[in-house]
Amino acid sequence: MEGMKYQILEALSDDCRSTPEEIAVLLGTNSATVASMIAEMEQEKVIIRYRPIINWDRTDKRFVQAMIEVKVTPQRGHGFDAIAKRIYQYSEVKSVYLMSGGYDLIVLVEAPSLKELAQFVSEKLSVIEHVTGTSTSFVLKRYKQDGVVFDTSSDDQRLVVSP
Amino acid sequence: MSERFVNPKIAAMPPSGIRKFFNLAGTMKGAISLGVGEPDFTTPYHVREALIDSLLNEETQYTENRGLLALRQEIAIYLKNRFHLSYDAETEILVTVGASEAIDITLRATLRPGDEVLIPDPGYVSYQPCVEMSGGIAVPVETRVEDEFQVTVEALEQKITPRTRALLLSYPNNPTGAILSDEYMRKVALFAQKHDLLVVCDEIYNELVYDNKHQTSIASLAGMWERTVTINGFSKAFAMTGLRVGYMCAPRAILDAAVKIHQYTIMCASRSSQVAAIEALKAGRENGYADVIHMRDSYNQRRRLMLHAFAEMGLDCFEPKGAFYLFPCIASTGLSSDEFCTRLLQEHAVVCVPGTAFGSSGEGFIRCCYATDKNKLMEAFRRIRAFLAVLQEESREQVVS
């Protein structure tokens, strides 16, 4: 992939609302080039979706999140993919990654309440065939997500005017 | 009543032209500042960690007057790698409290009473006072937007007298953002040799040059090393302004003289900051100066953003290739630089610095720093646009009446 595409991806990662015109100004190129590169990357599924980063802690929405370490028995011919697919199809599951280390999959789960999340683990996740063990850790506070720090108290500390 | 104790020379010295805006801005809520003169990046984390570690390791003593040898060695390698400069770590490099101290002691170590120093104008606010406090006479040399604010030999020749002793060069330039092309630089070098001048070269913005341009260090040109003091520091390129570490490099005789002043007045730069500076250079050497390049690329994007915005507003602005300032011309509004900046701040809550704060050649221009968050820049542009619309309306009314 060309260097320009990486620069476009970085600009979009910083602010996905940036228009091709705005990105073209930042990168010193023309907007038609940017627009066509974005279209290409969308087609190739390099860019999958545009969404905001939300600090839900600042809203009234009540929900719980948990990171669940999952041990599974990989299947012949499918490895971990088939079991991962069975897990990620639940709407409660927000992210699933195959991991190295002491467990196999890490599953980020979201539910309206502790009770419902516990139900998900005990009634849906644990009973899936080939799942041999789970360990659930609840999220208590979010500090930083996708490179963005949620605590905005450390504002610009520079002098307003300096030589 | 206590005024009688103040040195009349200092009393007569005008306060910095930015002071007024600093005070004004203090009274304004929600003002967006394009008036800063420092990076908006926090010092890279590994650099701050090195500093913290040094404190935990009880490294809180004085260092040698010249600074930690390990730092001077890193500086020597850095200057060699990046700017083709050769300085001996043991005898030709002095670590100072920011480049500001280096400017001060260089001038004090070299100027005799009445010596004249040529200073391209507009230029950094401290040069003229530092020359005068050293007993010298500052001689501004006009630079013009037509030459992209590069100093010309023609302008320099006009100001030469038998008392001219030194030339103070600063490119990339604060406030204009100008760089000095190799062609101009060579001519300036020949001029300095012809008149046997000392060249004091403030290279604090040397890393911040955009679009594959570069800024040659004058001491790397033939016949210049022995007459040049190269000054640099960590504030701009490594985002370490508040840590106050700079350095000067010069032939031994000049450096020894500066060390004398430094040892009696400063003793040494902060050890903690020196340790941080070692980390900045060492990591840079190992990772291809990744921090510097990352910050520079980010400034460059915002430089283009601001240039584009001013062009859309119809403000004339030459394209500066260095530092992190734009220097648009506001003469078309009919206001002076000072009036423009005062009204922009009072009526639209945007801080800019009038070009005249940097010398009389800055009249008609304002300094705008783009080292600020993109969203804040966009909001500042919106406000400046609104201000220009008000000014246009006013001039229309004047024509009608």
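Residues numbered from 1 in each chain as written. Chains lettered and ligands numbered in written order. Predicted model: local features only at pLDDT ≥ 70, side-chain atom pairs only at ≥ 80, totals over all residues.

Opposite the 21 residues of chain B that make contact, chain A presents 11 residues. When contributions to the side of chain B that touches chain A are tallied by element, the ones reaching two or more residues are α2 (19-26) and α11 (290-313) of chain B. Looking at which element gives the most residues to the side of chain B that touches chain A, the answer is α11(B), with four residues. (Contact = placed C-beta atoms within 7 Å. Helix = DSSP H or I, 4+ residues; strand = E, 2+ residues; numbered from the N terminus.)

Another point: the pairing of strand β8 (residues 246-249) of chain B. Residues and elements named next belong to chain B. The side-chain alternation of β8 yields two buried faces, one formed by Gly246 and Met248 and the other by Tyr247 and Cys249. Note that strand β2 (residues 93-96) and β8 share four bridges and pair antiparallel. In the strand pairing of β8, isoleucine 93 is matched with cysteine 249. When strand β7 (residues 228-233) meets β8, the two strands line up antiparallel, connected through four bridges. Directly across from isoleucine 231, in β8, lies its bridge partner methionine 248. (Buried ≥ 20, exposed ≤ 12 C-beta atoms within 10 Å, placed from the backbone. Pairing = 2+ DSSP bridges.)

In this section: the sheet that holds strand β3 (residues 105-111) of chain A. All names here are of chain A. As summarised here, the arrangement of the four strands in space is β2-β3-β1-β4, forming an open sheet in which the pairing is antiparallel. A strand with exactly one partner marks an edge of an open sheet, and here the two such strands are β2 (93-98) and β4 (131-138). Across the sheet, the mean angle separating the axes of adjacent strands is 20° when strand polarity is ignored. (Axes fitted to C-alpha atoms, helices over the stretch in contact; angles between N-to-C directions.)

This brings us to the domain arrangement of chain B. Residues and elements named next belong to chain B. Segmentation of chain B into domains returns domain 1 (2-42 + 291-400) and domain 2 (45-287). Here the C-alpha centroids of domain 1 and domain 2 sit 26 Å apart. Contact with domain 1, which involves 35 residues of that partner, is made by 36 residues of domain 2. Those elements that place two or more of their residues in the side of domain 1 that touches domain 2 are α11 and β9 (325-326). The leading source of residues in the side of domain 1 that touches domain 2 is α11, at seven residues. Per-class residue counts for the side of domain 1 that touches domain 2 are 18 nonpolar, 11 polar and six charged. (Domains from an automatic or database assignment. Nonpolar A, V, L, I, M, F, W, Y, C, P; charged D, E, K, R; others polar.)

Residue and element names in this part refer to chain B. Taking 1.5 Å per residue, 15 residues should reach 21 Å; helix α4 (residues 69-83) reaches 20 Å between its end C-alpha atoms and fits that length. Listing the buried residues of α4 in full gives Leu71, Arg72, Glu74, Ile75, Ala76 and Leu79. As for α4, its buried residues are in contact with β2, β8 and α10 (271-287). Phi for histidine 84, located one or two positions after α4, is positive at around 55°. (Expected span 1.5 Å × (residues − 1).)

Residue and element names in this part refer to chain B. Given a rise of 1.5 Å per residue, 13 residues ought to cover 18 Å, and the 18 Å separating the end C-alpha atoms of helix α8 (residues 182-194) matches this to within 8%. Turning to α8, its buried residues number three or more, namely Met185, Val188, Ala189, Phe191 and Ala192. Along the axis of α8, the buried positions cluster into a sector of 160°, meaning they face one direction only. Across from the buried face of α8, at angles greater than 90 degrees, the exposed residues are Glu183 and Lys194. Those residues of α8 that are buried are in contact with α7 (153-159), β5 (164-169) and β6 (198-202). At the exit of α8 stands aspartate 196, carrying a positive phi of roughly 50°. (Arc of directions from axis to C-beta.)

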